Amino acid sequence: EECGEKETLQTLKDTTSGPEIVKELQRLWSEMKSVEILFQDPQKALDAMMEEGMVDKDRVGRYKRNPKLLEEDTRKGLYFGFISFAVAGDFL
């Protein structure tokens, strides 16, 4: 699996310009900061994200039982994206 991750990062690096990487890092950083506000009420966040079509349909039941899990998964996804772009941009 590590080899697949390296290939994906290399593809990201090869297909994305420096300015695009920086712009994506800025967007992800902004979203990471907004998670604090969004998830002050986990149930409201779930409802809002479902309304926007941002929740994987296969996970809706799990998130309805435990809305806090959506926050955890959202944070992990944003963090992974941020780290991936930082590595692709040779910042890490």
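Look above for the structure.
About the thresholds
Residues numbered from 1 in each chain as written. Predicted model: local features only at pLDDT ≥ 70, side-chain atom pairs only at ≥ 80, totals over all residues. Heavy atoms only, no water. Helix = DSSP H or I, 4+ residues; strand = E, 2+ residues; numbered from the N terminus. Core = buried A, V, L, I, M, F, W, Y, C linked by side-chain atoms within 4.5 Å. Buried < 20%, exposed > 50% of the residue type's maximum accessible area, 1.4 Å probe, protein only. Phe/Tyr/Trp six-rings, centres within 6.5 Å; stacked < 30°, edge-to-face > 60°. Patch = residues over 30% accessible without salt bridge, like charges linked within 9 Å, V, L, I, M, F, W, Y side chains within 5 Å. Areas by Shrake-Rupley, 256 points an atom, 1.4 Å probe, with all protein chains shown as cover. Salt bridge = Lys/Arg side-chain N within 4 Å of Asp/Glu carboxyl O. Lys, Arg positive; Asp, Glu negative; His and termini not counted. Charge placed at Lys NZ, Arg CZ, Asp CG, Glu CD. Contact = heavy atoms within 4.5 Å. Arc of directions from axis to C-beta.

(A) Layout of the environment of Gly-89. Relative to the helices and strands, Gly-89 is located in the segment after helix H5 (67-88). Expressed as a C-alpha distance, the spacing of Gly-89 and Lys-13, which sit 76 residues apart in the sequence, is 6.8 Å.

(B) Structural view of the nonpolar core. In this structure, Phe-39, Val-55, Tyr-63, Leu-70 and Phe-85 are the most contacted members of the largest nonpolar core, which totals 18 residues. Elements with a minimum of two residues in this core: helix H2 (18-38), helix H3 (42-51), helix H4 (60-65) and H5. Take this core: its biggest share by element is 6 residues, from H5.

(C) Up close: unusual backbone geometry. Of note, Asp-90 is a non-glycine position whose phi angle comes to about 60°, a positive value. Structurally, Asp-90 is set in the segment after H5.

(D) Summary view of the packing of aromatic side chains. Evaluation of the coordinates by the stated rule reveals 1 aromatic pair. Here Trp-29 and Phe-82 contribute two aromatic rings whose centre-to-centre distance is 6.0 Å and whose plane-to-plane angle is 45°, an arrangement assigned as tilted. Remark: Phe-82 occurs in helix H5 and Trp-29 occurs in helix H2; sequence separation between them is 53 residues. Take Trp-29: its relative accessible area is 45%, and that puts it in the partly exposed class.

(E) Structural detail: a negative patch on the surface. Taken together, the side chains of Asp-41, Asp-47, Glu-51 and Glu-52 define an acidic patch exposed on the protein surface. Along the polypeptide, Glu-51 turns up in helix H3.

(F) Molecular detail of the side chain of Glu-71. Structurally, the position occupied by Glu-71 is in helix H5. Take Glu-71: its relative accessible area is 9%, and that puts it in the buried class. Residues in contact with Glu-71, not counting those within four places in the same chain, are Val-35 and Phe-39.

(G) Inspection of H3 at higher detail. Residues of H3 that are buried include every one of Ala-45, Leu-46 and Met-49, and no others. The buried residues of H3 all sit within an arc of 100° when viewed along its axis, so they share a single face. Facing away from the buried side of H3, by more than 90 degrees, are the exposed residues Lys-44 and Glu-51. Buried residues along H3 sit against H2, H4 and H5. Gly-53 sits one or two residues past H3 and shows a positive phi near 75°.

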